[in-house]
Every structure is written in structure tokens, then in C-alpha cells.
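For reference, the chains in residue letters:
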Amino acid sequence: MEQTKIGVTGATGQLGRKVITHLKQSIPAGQIVALVRDPEKAKDLGVEVRTLDYTNPELISLALKGLSKVLLISSSEIGKRFGQHKNVIDEAKRAGVPFVAYTSILRADTSTLPLAPEHKLTEEYLKASGLTYALLRNGWYIENYTSSLGNTIKAGAVYGSAGDGKISAATRSDYAKAAVKVLTTEGHDNKAYELGGYSFTLTEYAAEISRLSGKDIKYINLPADEYAKVLEEQAGFPAPMARMFAEIDLDIAKGELETDAGTLEKLAGGSLSTLEDSIKEALHTI
Ligand SMILES: NC(=O)c1ccc[n+]([C@@H]2O[C@H](COP(=O)([O-])OP(=O)(O)OC[C@H]3O[C@@H](n4cnc5c(N)ncnc54)[C@H](OP(=O)(O)O)[C@@H]3O)[C@@H](O)[C@H]2O)c1
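Residues numbered from 1 in each chain as written. Predicted model: local features only at pLDDT ≥ 70, side-chain atom pairs only at ≥ 80, totals over all residues. Heavy atoms only, no water.

1. Brief notes about the packing of aromatic side chains
We apply this condition: Side-chain rings of Phe, Tyr and Trp, where Trp is taken by its six-membered ring, are said to pair if the distance between their centres is within 6.5 Å; with planes under 30 degrees apart they count as stacked, over 60 as edge-to-face, and otherwise as tilted. Here a strand is any run of E in DSSP of at least two residues, a helix any run of H or I of at least four, and the numbering for each starts at the N terminus. Categorising residues by exposure relies on relative accessible area from a 1.4 Å probe, with only protein chains included: less than 20% of the type maximum marks a residue as buried, more than 50% marks it as exposed, and the intermediate range marks it as partly exposed.
Per the stated rule, a full pass over the model turns up six aromatic pairs. Relative to Phe 200, the ring of Tyr 145 has its centre 6.1 Å away and its plane inclined at 80°; by these criteria the two rings are edge-to-face. Note that Tyr 145 is positioned in helix H5 (residues 143–146) and Phe 200 in the loop between strand E8 (191–195) and helix H8 (202–213), a separation of 55 residues in sequence. You'll find Tyr 145 and Phe 200 in the same group, each marked buried. Ring geometry for Phe 200 and Tyr 205: centres 6.2 Å apart, planes at 40°, overall tilted. Owing to a relative accessible area of 3%, Phe 200 belongs among the buried residues under this scheme. An aromatic cluster is built from Tyr 145, Phe 200 and Tyr 205, whose rings are joined through pairwise contacts.

In C-alpha cells, the structure reads:
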């Protein structure tokens, strides 16, 4: 009998690396294939590496040969993503891959987040392809906040336009565990999972930083235009990206990134990392 092989795209990315780590704890490394655009960056993964660039159908076709399951981690090239994902779905269909899981965004079908349309198009295309699929509709990463904790502490403030909106963020590691569960167990065919962690507001985030760091950190809620300026001038974001993140905050204020943690807990196999855990971890690195 042919051996089951699970391929993971974007395996050299931050989420992809965590998926590979958790997969190695679940199945033999020989059954894992890292699908990456730069094999040099994948040397330390300890699994088979194949070259796959979302923009190159020929490479995708070769890379997907013989795989029984594929995790399509959404591309980071915002604005170009649907065409790239479409290439992978087309080639997965041609190669007869029996199961494709896709990392989407929370409630991609109805979300008003500016990031949602590319995910919605991908989901619709995947469903229409006839492939057996699973949709991992990931909410926000906690690391979206904690990765800039050093600067936040220096500034003495968390800035945003999210008001009292609740953010059900979880760590990349917990989303990776959920993906591994879906890839290595049965019962996920054609399912969509809304995934998120324990909810907090940005006021609560700032209070938690204060408590854990001993520094006084406030949440300062700004009009979206002003927050976009802060992102541009203080964090160095290009203007369109700054504008997009300010718009995302307005959506957060409306509850677009809030969900129940139960589904992620179930798939990740227990309680999730908390905001406190993530802040403590980030405090060690600054
Ligand atoms: N839920 C959230 O809060 C959140 C936040 C940010 C992003 N996301 C989405 O989740 C995805 C995974 O997150 P992440 O943190 O792992 O992002 P990441 O670290 O930026 O990883 C993105 C991965 O996509 C790969 N990639 C980009 N363009 C590609 C191409 N043309 N062909 C093949 N691979 C390509 C990158 O390859 P290289 O390793 O060679 O660069 C990288 O491995 C992101 O791409 C984005 O769609 C979600």
C-alpha cells in the first residue's frame, strides 16, 4: 500500500514551521512534505522538501505528486492571493489530491474585514473544484500584538481604533495544532471551522501588559485616520497597509474578530495559550 504523505505549503513561514513541528509529533517525519518556495530556508525542517511557488503551476504540479493531503497556507502576498491559491487548487485537482485544507479567515463568507474577499474567493473556488476540503477559518494571531511589545512598552501605550471590540486571538501554535488535527484524523471532510482563542479588548491587553511588566501602559483609542498615521509614522507601515490595518480595527470594534474559543480548543486538544502566556513569552525576548 502506498504511504500517506501530507504536504504543507508555506512551510518556511511562521505558521507553517509550527505546523511541521506539531505534525512531527503526530506522524512519522517520513510522511511529511514541506512545500516551499525557497528550499534553502527549509533545510532545518527535518522532513522531505519540495519546491512550490504559488505563481508557478509547473512546479506546483510536480510538488503535489503522490500527496494524500495538502494544507494550503494562505499566501502572504495580499492582493495577489486568490490567483496564487487558484493555481494550487487547480494543480491539486489535476494531481488527484484527495484532501485539501485551507487556512482562511474567521467567517470568510460574511466578514467585512478588508482581508476577507481573497479568502472568500478561495473558499468558493475550492468548494466548486469538487476536491474534498476543510476550511480552517483562523482568527487573529496573538502575535500580531505581542510581536511589537517592546515598542509598545517604550511608547507607554497601545494605539488602535478598535474601541471595546473583542478580539478572540490565539497563538500560531494553537492554530497549527488545530490544522494538524484536521490533517491527521478523520471526520473533517467539507467542514468549515471558525477558530479563535480567548477574547480580550485592547484596553484589557494594555492592562495585562501593565500588570505583567510593571509599567503603566494605556490603551489610546484613535480615529482611524490618526491611527493610520501612527502606523505609518511610528511603525513604518506603507500608507495603504496602515490604512488597511486602521480599517481592520474599525471592523474589530464591530465584533468581526470575535468568536467562541470552543472549536479551537477542541481541535487543538485542550486549553489554549492565554494572553498572559503570550505576553510573558514576549517579555522574555525584549
Ligand atoms: N490570522 C492572522 O492574524 C494572520 C496574520 C498574518 C497573516 N495571516 C495569513 O496567514 C498566513 C500564514 O501566516 P504566517 O504568519 O505564517 O505568515 P508568514 O510567516 O508571512 O508566511 C507566509 C508563507 O507564505 C509563503 N509564500 C508567500 N508567497 C509565496 C509564493 N509565491 N509561493 C510560495 N509560498 C509563498 C512564504 O514563503 P517564504 O517563507 O519563502 O517567505 C511563507 O512561508 C499568511 O500568509 C497570511 O495569509 C494571518
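Still more to cover.
2. Looking at the side chain of Ser 168
Which entries qualify depends on this criterion: Pairs of N or O atoms within 3.5 Å make up the polar contacts considered here, provided that, within protein, one atom can donate a hydrogen while the other can accept it, and that residues adjacent in sequence are counted only when both atoms are side-chain atoms. Note on contacts: a residue pair is in contact if any heavy atoms of the two residues lie within 4.5 Å.
The topology assignment puts Ser 168 in the loop between strand E7 (157–160) and helix H7 (172–184). At a separation of 2.8 Å, a polar atom in the side chain of Ser 168 contacts the main-chain amide nitrogen of Thr 259. The residues touching Ser 168, leaving out its near neighbours within four places in the chain, are Trp 140, Tyr 175, Gly 196, Gly 197, Tyr 198, Ser 199, Leu 257, Glu 258 and Thr 259.

3. Considerations on the site of the ligand
Cut-off, in case you're wondering: Definition of nearness: a residue and a molecule or strand are near each other if at least one heavy atom of the residue lies within 4 Å of the molecule or strand. Only the protein chains shown count as cover for residues, and the accessible areas themselves come from Shrake-Rupley with a 1.4 Å probe. Under this grouping Gly is polar, as are all residues other than the nonpolar Ala, Val, Leu, Ile, Met, Phe, Trp, Tyr, Cys and Pro and the charged Asp, Glu, Lys and Arg.
Near the ligand you find 21 residues, and of these Thr 12, Leu 15, Tyr 54, Ser 74 and Arg 172 are the closest. Arg 172 is positioned such that a nitrogen or oxygen atom in its side chain is 2.8 Å from an oxygen atom of the ligand. When the ligand is considered free in solution it has 890 Å² of accessible area, and contact with the protein chains removes 84% of it. Among the residues forming the shell around the ligand, the class breakdown is six nonpolar, nine polar and six charged.

4. Details of the domain arrangement of the protein chain
Stated precisely, the cut-off is as follows: Where each domain begins and ends follows an automated or database-derived domain assignment. When two components associate, each loses some accessible surface as probed by a 1.4 Å sphere; the sum of these losses over both components is called the buried area. Whenever Lys or Arg places a side-chain nitrogen within 4 Å of a carboxyl oxygen from Asp or Glu, that contact is recorded as a salt bridge.
Annotation of the protein chain at the domain level lists domain 1 (6–138) and domain 2 (141–170 + 196–259 + 271–286). Computed over C-alpha atoms, the centres of domain 1 and domain 2 are 28 Å apart. Taken together, the contact pairs nine residues of domain 1 with 11 residues of domain 2. Three residues stand out in domain 1 for area buried against domain 2, namely Leu 106, Leu 113 and Pro 114, and they jointly supply 44% of the buried area on that side. Where domain 1 packs against domain 2, one counts zero salt bridges. If you look at where domain 1 meets domain 2, you find six residue pairs in polar contact (both at pLDDT 80 or more). A breakdown of the residues in the side of domain 1 that touches domain 2 according to their chemical character gives six nonpolar, two polar and one charged.

5. Concerning the sheet that holds E8
Formally: One bridge is not enough; two strands pair if DSSP finds at least two bridges between them. To get an axis, a line is fitted to the C-alpha atoms, and for a helix only the part in contact is used. The angle between two axes follows their N-to-C directions and goes from 0 to 180 degrees.
Ordered in space as E3-E2-E1-E4-E5-E6-E8, the seven strands form an open sheet in which the pairing is parallel. Because the sheet does not close on itself, it has two edges, and the strands there are strand E3 (48–51) and E8. Taken pair by pair, the neighbouring strands of this sheet meet at an average axis angle of 20°, ignoring direction.

6. Section: the pattern of salt bridges
Scanning the model with the defined rule gives 21 salt bridges in all. Notably, a salt bridge pairs Glu 40 with Lys 43, separated by 3.1 Å at the nearest N-O pair. Residue class for Glu 40 comes out exposed when judged on its relative accessible area of 54%. In this structure, Lys 69 engages Glu 186 in a salt bridge whose closest nitrogen and oxygen atoms are separated by 4.0 Å. Of the two residues, Lys 69 sits in strand E4 (residues 69–72) while Glu 186 sits in the loop between H7 and E8, which places them 117 residues apart along the sequence. Relative accessible area serves as the criterion here: at 14%, Lys 69 is assigned to the buried category. Residue classification places Glu 186 among the exposed positions, given a relative accessible area of 68%. Beyond isolated ion pairs, a larger network of salt bridges with shared partners links Asp 109, Glu 123, Arg 137 and Glu 194.

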